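# Architecture and fold: a report
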Amino acid sequence: MLPPQSLPTAVSPALLLPPAADVFARRAARFRCLADQHSLGPWLNWLAVLSEAQQNLAATPAIHTVSAQTDLLVAVPAAVEQLRQLFNADAHGMDDFAMALDEAFVLDQAQSVLQMAAGSHLTAAADRSHFLIVAAMQVLWAQAARLRVQQPQMAQTEAHDACPCCGSAALGSIIMAGESKAGLRYLECCLCATRWNAVRARCTLCTQGEVVQYLALEGAHVAVQAETCDCCQGYIKTFTQTKDIAVEPAADDLASLALDVLVGEQGFARGAPNLFLCDAEAA
Ligand SMILES: [Zn+2]
Ligand SMILES: [Zn+2]
């Protein structure tokens, strides 16, 4: 038997991929594309506009002052207020609530978003203020993640079930195409959009079961499948770039809720949070 050091070493893949600087612009474009001819078209288009506002928020000086050490929660109320203006919220169906976004309320809601992101519950009450708070938090957390990924201790990151940057749960997994990452599977954080390398064909939810079955809707969304586990009866979606290079986990997840219904009928429970998934849409 060969001593371990003489075995050829494969080029190890990047364990962590920070969110791209234009992550929200890409998501906006994807929402728009998916909205076309979709039964949830108006909602997906509304999310496209919100994603564009997120990209604009990411470009503001206030976001650029975020450091890897910033207490992000404290920064949420100001970011929400700025996003509200950038989104022109009143013009996008948010005139129905009086914008009583006082600091205490926002901080309280932000705590509940963090719990949701950690996987404690998978849908939120369909309150429009929730969307604004989630959207602002995603921008803050993505900015911090970009800085944290560069820190040396992050290079030693090993297999993780939760996001190595912020501790949130994965929204889904993405099978990469192109570059040096073809075929590699990454999990994407539901809050900061960091991607971390994950072994294929192992259940992400219970870490015990093998992924035994891939379920997909016939015809539509060929790049989106549900990885189901017989061990924990849970599932998480996989988005495959080799089948559709434009696939974007956060957007494609919400455009494929019909798959959740199908998989639910087979007795599997959704195991991954999407912070924009609200009770009304999930029903
Ligand atoms: Zn994260
Ligand atoms: Zn499992």
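See the structure shown above.
Every value quoted in this text rests on a predicted model; they were computed, and no experiment measured them. (Residues numbered from 1 in each chain as written. Chains lettered and ligands numbered in written order. Predicted model: local features only at pLDDT ≥ 70, side-chain atom pairs only at ≥ 80, totals over all residues. Heavy atoms only, no water.)

Turning to the coordination of the zinc ion (ligand 2), a few remarks are in order. All of the protein donors around the zinc ion (ligand 2) are Cys203 (SG), Cys206 (SG), Cys229 (SG) and Cys232 (SG); their distances to the metal are 2.3 Å. For the zinc ion (ligand 2), the four donor atoms in the first shell make angles of 106 to 112° at the metal, a pattern classed as tetrahedral. All donor residues of the zinc ion (ligand 2) come from one chain, and their arrangement in sequence is C-x2-C-x22-C-x2-C. Taken as a pair, cysteine 203 in the loop between strand E4 (195–197) and strand E5 (213–215) and cysteine 229 in the loop between strand E6 (224–228) and strand E7 (234–240) lie far apart in primary sequence, 26 residues in all. Accessibility classification places cysteine 203 together with cysteine 229 in one group, the buried group. (Donors = N, O, S within 2.8 Å, 3.2 Å for Na, K, Ca; no water. Tetrahedral: all angles 85-135°; square planar, octahedral: opposite > 155°, others 65-115°. Helix = DSSP H or I, 4+ residues; strand = E, 2+ residues; numbered from the N terminus. Buried < 20%, exposed > 50% of the residue type's maximum accessible area, 1.4 Å probe, protein only.)

For the rest of this paragraph, the subject is empty space enclosed by the protein. Leftover empty space is mapped by rolling, across the atoms, a probe with the size of a water molecule. Summed over all chains, the structure comprises two cavities of 30 Å³ or more. When its volume is computed, the largest cavity comes out at roughly 90 Å³. Lining the largest cavity are 14 residues, with Arg27, Gln138, Cys189, Cys190 and Ala250 positioned closest to its centre. Looking at the lining of the largest cavity, the elements that each hand over two or more residues are helix H1 (23–35) and strand E3 (185–189). Of the residues that constitute the lining of the largest cavity, the class distribution is ten nonpolar, two polar and two charged. (1 Å grid on protein atoms, 1.4 Å probe; cavity = no way out; pocket = protein on both sides within 12 Å on 5 of 7 lines; lining within 4 Å. Points joined across faces, edges and corners; volume = space filled by probe spheres on them. Nonpolar A, V, L, I, M, F, W, Y, C, P; charged D, E, K, R; others polar.)

The next point concerns the coordination of the zinc ion (ligand 1). Binding of the zinc ion (ligand 1) to the protein goes through Cys163 (SG), Cys166 (SG), Cys189 (SG) and Cys192 (SG), at separations of 2.3 to 2.4 Å. Around the zinc ion (ligand 1), the four donor atoms are arranged such that angles at the metal cover 99 to 120°; this shape is classified as tetrahedral. Of note, the zinc ion (ligand 1) draws all its donor residues from one chain, in the sequence arrangement C-x2-C-x22-C-x2-C. One end of the pair, cysteine 166, is in the loop between helix H6 (128–149) and strand E2 (170–175); the other, cysteine 192, is in the loop between E3 and E4, and 26 residues separate them in sequence.

Glancing now at the nonpolar core. Ranked by internal contacts, the top residues of the largest apolar core, which has 69 residues, are Leu47, Leu50, Val76 and Trp141. Every element with two or more residues in this core is listed here: H1, helix H2 (41–58), helix H4 (72–87), helix H5 (103–117), H6, E2, E3 and helix H7 (249–255). Residue contacts for leucine 50: discarding those within four places in its chain leaves Leu83, Phe87, Phe131, Leu132, Ala135 and Phe276. Counting residues in each nonpolar core, the second largest holds 14 residues, with Tyr186, Tyr235, Val263 and Phe268 among its members. (Core = buried A, V, L, I, M, F, W, Y, C linked by side-chain atoms within 4.5 Å. Contact = heavy atoms within 4.5 Å.)

Two quantities define a packed helix pair, namely the angle between the helix axes and the distance between the axes. Between H2 and H4, the shortest axis-to-axis distance is 9 Å and the interhelical angle comes to 120°. Here H2 lies oblique to H4, going by the angle between them. Along this stretch, H2 crosses H4, giving a crossing that reads as right-handed. Of the residues in H4, those touching H2 at Trp46, Val49, Leu50, Ala53, Gln54, Asn56 and Leu57 are Ala79, Gln82, Leu83, Leu86 and Phe87. Of the residues that constitute the contact of H2 with H4, the class distribution is nine nonpolar, three polar and no charged. (Axes fitted to C-alpha atoms, helices over the stretch in contact; angles between N-to-C directions. Parallel < 35°, antiparallel > 145°, perpendicular 65-115°, else oblique. Left-handed = near helix turned anticlockwise from the far one by under 90°.)

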